[in-house]
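Secondary and tertiary structure notes
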Amino acid sequence: MAVSAPAFRVPERSLGGEVRAIRVMWEREVIRFTSDRLRMITSLVQPLLFLFVLGTGLSTLTSLHTDGINLRTFLYPGILAMAVLLTAMFSAASIVWDREFGFLREMLVAPVRRGSLVLGKCLGGATVATFQGVVVICLAGLVGVPYDATLIVEALALLILLAFTLTAFGVMVAARVRQIQSYMALTQMLVLPLFFVSGGMFPVRGLPTWLLVVNRLDPLTYAVQPIRRVVFDHLGLSASVREQLDPGVTWNGWPVPTALCIAVIVVMGLVMTAIAIAQFSRED
Amino acid sequence: MATVRADATHPDVVLLTAGIRANRDTRRSCGRNGVRVGHSAVSVRGLVRRFGELEAVRGIDLDIRPGEVFGLLGPNGAGKSSTISMLCTLLRPTEGSATVAGHDVVRERDLVRRNIGLVFQDPTLDGYLTAERNLRLHAELYGVPKAVLDDRLREVLEMVGLWERRSSKVLTFSGGMKRRLEIARGLLHAPRVLFLDEPTVGLDPQTRASIWSYINELRKSGDGPDRITIVMTTHYMDEAEYCDRIAIMDHGRIIALDTPEALKASVGTDRVQIETDDDTAAIVALEQQFGITASIVEGAVTFGVPEGELFAPRLFSELPVRIRRVSVSRPSLDDVFMSYTGSTIRDAEANSMDRLRQQTAMMRRSGG
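The structure reproduced in this document is the subject of the present report. These numbers come from a predicted model, not from an experiment. (Residues numbered from 1 in each chain as written. Chains lettered and ligands numbered in written order. Predicted model: local features only at pLDDT ≥ 70, side-chain atom pairs only at ≥ 80, totals over all residues. Heavy atoms only, no water.)

With respect to the overall build of chain B
Secondary structure assignment for chain B yields 13 helices and 14 strands. Taking all 368 residues of chain B together, 52% fall into the buried category. Considering only residue pairs separated by 6 or more positions, chain B has 70% of its internal contacts joining residues 24 or more positions apart. When the accessible surface of chain B is summed, it comes to about 16,300 Å², and 51% of that surface belongs to carbon and sulfur atoms. (Helix = DSSP H or I, 4+ residues; strand = E, 2+ residues; numbered from the N terminus. Buried < 20%, exposed > 50% of the residue type's maximum accessible area, 1.4 Å probe, protein only. Contact = heavy atoms within 4.5 Å. Areas by Shrake-Rupley, 256 points an atom, 1.4 Å probe, with all protein chains shown as cover.)

The structure is reproduced here in structure tokens:
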């Protein structure tokens, strides 16, 4: 049975073709994630450990100073960000994986823009990371955060933005890494410092200057802050407690509005996507 | 399905070659869908590629006709893979130019990519996806029309005998199955030129034979401008014989280019091997009586003479040494390579490995 002479030709480059490329890249990320149950569980282990083990253990020490607010409740916004951070960085690892196992080459020779491939990848990673965020949102009741529609919608919107920016960050880092081990080591080196410094585990006020400076430079700070705002808005706290636990990010004494925090996340996401695209476009 | 024999003589292939050549002239004037009329499938002018100090490809010229099965033959490190990478737009030429399906590989990279299929030595499949999912992903990237996709998918998967396994994850496949799937994928979007980089390396003889049977099927399918052009690299001499034409590469240059038959004929001598009671005496006698320089290869006195079958009977009557055994063989592509470079492909490969080792050692010493 010989193969017949095909009666079609590959069409010219078109916008539709690029959209298709974005879609298949997205689809591939999602398929790979959903077919890997183990990964779904493992990327949740760390945040949940922080929330329930560290949060519960330390709450015996801190209950005096948090005016009846459980430490787990305080940690919750940070843990949301952390779940997204870990999953996003892990999603980006597949780029290194693909390079090592050759699949990247199949994509790089395809007659589509590299930008479409990178964008599809970032959107796919963001979807997966947001999904993990949703799992953590579902646990809100366990730490005394009410299931409120506005809270859920707002938190979800923030997580989507954060997930995209962090995946773009991961892809940007992964673009030049050749081995999966190197990427994993690099991720280990980046993830915990980013999280610790971001103020996910403490109020960002009254810090020593050096910590204050690195905190303001940490991109994750600008994600944790709005998420915390959204969650704390629904806890019914008194103004003084709120002020103590959620002092807000300031730039040299000027309180940074939430909208600007969100803008920082969005702009960083776009810049990092652009850098990632440039890196892959250079590749021959 | 045609079976392919892995021995050196294969009259069926010779006939096939002749048939293709007869068709070729009628094909030249045809062309459609953006492929320029009367152009070669692949055209290369003064192509050079340097990697720092190392000059991997040192200025090659090449014209591959539409519908041809063209082989790039040579030892590892001869520049075959660099050449094919440049033609596939994966590597930028340092100098020179090349067109594939009528499009420039640097300026019209996307148009080239649209018209080529690629099968690499190393797998480029997603092991976590099923065979079918891998192909569908490829079809989407290349924009294969929805209306034809299902039929086309079945056709290519059946051709490589993987239709029944379409729902299995690729990581459960053997090396041979992966290669077959890659060939199916390379053909899925109906490319005009299919590039195969060492398509049979590391495969068992059976799979190698089946891959050649696919290539021969492709060669029979379609006609006129629709016939696919196949460009492949190989360092297996016996496989190169199945190509319509081959270019022998060594040290980044094309040192010979013709049909396998013509190349072998150009050697001009047959290989004669004799086993005697006294090999040293035999060599001396050959030198003195016939003016032939012989040497011992594979334990037998070996030399080349024109028309070996006619020469062999003379040996028995005229050589003063008793001959136990004689064999006469037509020149193989190995002999062709030998006659152009003075070494066998295997030796050339060993040398290039040595060079590589020396370079690495030097780099380590200077860098250390």
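Moving on from the model shown.
Side note on the interface of chain A and chain B
For interface size, the figure often reported is the accessible area lost on association. Tallying the contact residues gives 35 residues for chain A and 45 residues for chain B. In total, chain A and chain B occlude about 4,100 Å² of area from one another, counting both sides; carbon and sulfur atoms represent 56% of this. Put simply, chain A and chain B have 7 salt bridges between them. Ionic pairing is found between Asp126(B) and Arg32(A), a salt bridge with its closest N-O pair at 3.5 Å. Here chain A and chain B share 7 residue pairs in polar contact (both at pLDDT 80 or more) between them. Looking at the side of chain A that touches chain B, the elements that each hand over two or more residues are helix H1 (15-34), helix H4 (103-108) and helix H5 (114-138) of chain A. Per-element accounting of the side of chain A that touches chain B gives the leading share, 8 residues, to H1(A). Classifying every residue of the side of chain A that touches chain B gives 20 nonpolar, 3 polar and 12 charged. (Buried area = accessible area lost by both parts, 1.4 Å probe. Salt bridge = Lys/Arg side-chain N within 4 Å of Asp/Glu carboxyl O. Polar contact = N/O pair within 3.5 Å; in protein donor to acceptor, adjacent residues only side chain to side chain. Nonpolar A, V, L, I, M, F, W, Y, C, P; charged D, E, K, R; others polar.)

Brief notes about the packing of helix H9 (residues 260-267) of chain B against helix H12 (residues 333-341) of chain B
Residue and element names in this part refer to chain B. The geometry of H9 relative to H12 is characterised by a closest axis approach of 9 Å and an angle of 55° between their N-to-C directions. Between H9 and H12, the crossing angle belongs to the class labelled oblique. In this structure, the crossing between H9 and H12 has a hand that is left-handed. Here Pro260, Leu263, Lys264, Ser266 and Val267 of H9 lie close against H12, whose contacting residues are Leu333, Asp335, Val336, Ser339 and Tyr340. When grouped by side-chain class, the residues that make up the contact of H9 with H12 number 6 nonpolar, 2 polar and 2 charged. (Axes fitted to C-alpha atoms, helices over the stretch in contact; angles between N-to-C directions. Parallel < 35°, antiparallel > 145°, perpendicular 65-115°, else oblique. Left-handed = near helix turned anticlockwise from the far one by under 90°.)

Brief notes about the side chain of Glu106(A)
Topologically, Glu106(A) is positioned in helix H4. By relative accessible area, which is 4% here, Glu106(A) ends up buried.

A few points about the sheet that holds strand S2 (residues 54-64) of chain B
Residues and elements named next belong to chain B. Strand order in the open sheet formed by 4 strands is S2-S1-S4-S5, with antiparallel pairing between adjacent strands. Each edge of the open sheet carries a strand with a single partner, namely S2 and strand S5 (103-104). Of the strands in this sheet, strand S1 (42-51), S2 and strand S4 (95-100) touch helix H2 (residues 80-87), which is tilted by about 120° from S1. (Pairing = 2+ DSSP bridges.)

Concerning unusual backbone geometry
With glycine set apart, most residues show a phi of negative sign, and most peptide bonds adopt trans. You will see that Asn252(A), though not glycine, has its phi angle at about 50°, which is positive. Tracing the chain through its elements places Asn252(A) in the loop between strand S1 (250-251) and strand S2 (254-255). Judged by its relative accessible area of 83%, Asn252(A) is exposed. Unusually for a residue other than glycine, Ala101(B) sits at a positive phi of about 50°. Turning to its location among the elements, Ala101(B) is positioned in the loop between S4 and S5.

Details of the side chain of Asp197(B)
Residues and elements named next belong to chain B. Inspection of the secondary structure assignment puts Asp197 in strand S7 (residues 193-197). Among the polar contacts made by the side chain of Asp197, one reaches the side chain of Ser81 at a distance of 3.4 Å. Residues within four places of Asp197 in sequence aside, it is in contact with Ser81, Ile84, Val119, Phe120, Gln121 and Thr233.

Brief notes about the packing of aromatic side chains
Two aromatic rings are characterised by how far apart their centres lie and by the angle between their planes. All chains considered together, the criterion is met by 11 aromatic pairs over all chains. Geometrically, the ring pair formed by Phe195(A) and Phe196(A) is tilted, given 6.1 Å between the ring centres and 45° between the ring planes. With a relative accessible area of 38%, Phe196(A) lands in the partly exposed category. On the numbers, 4.9 Å between centres and 45° between planes, the contact of Trp212(B) with Tyr242(B) is tilted. Taken together, the positions of Trp212(B) in helix H7 (residues 205-220) and Tyr242(B) in the loop between helix H8 (237-240) and strand S9 (245-250) put the pair 30 residues apart, joining distant regions of the chain. The class of Trp212(B) is buried, set by a relative accessible area of 1%. Under the relative-accessibility criterion, Tyr242(B) is labelled buried at 4%. One aromatic cluster in this structure is built from Phe50(A), Phe195(A) and Phe196(A). Sitting over the face of the ring of Trp163(B), Arg166(B) holds its NZ or CZ atom 3.9 Å from the ring centroid. Sitting over the ring of Tyr236(B), Arg208(B) keeps its end group 4.0 Å from the ring centre. (Phe/Tyr/Trp six-rings, centres within 6.5 Å; stacked < 30°, edge-to-face > 60°. Lys NZ or Arg CZ within 6 Å of the ring centre and 35° of its normal.)

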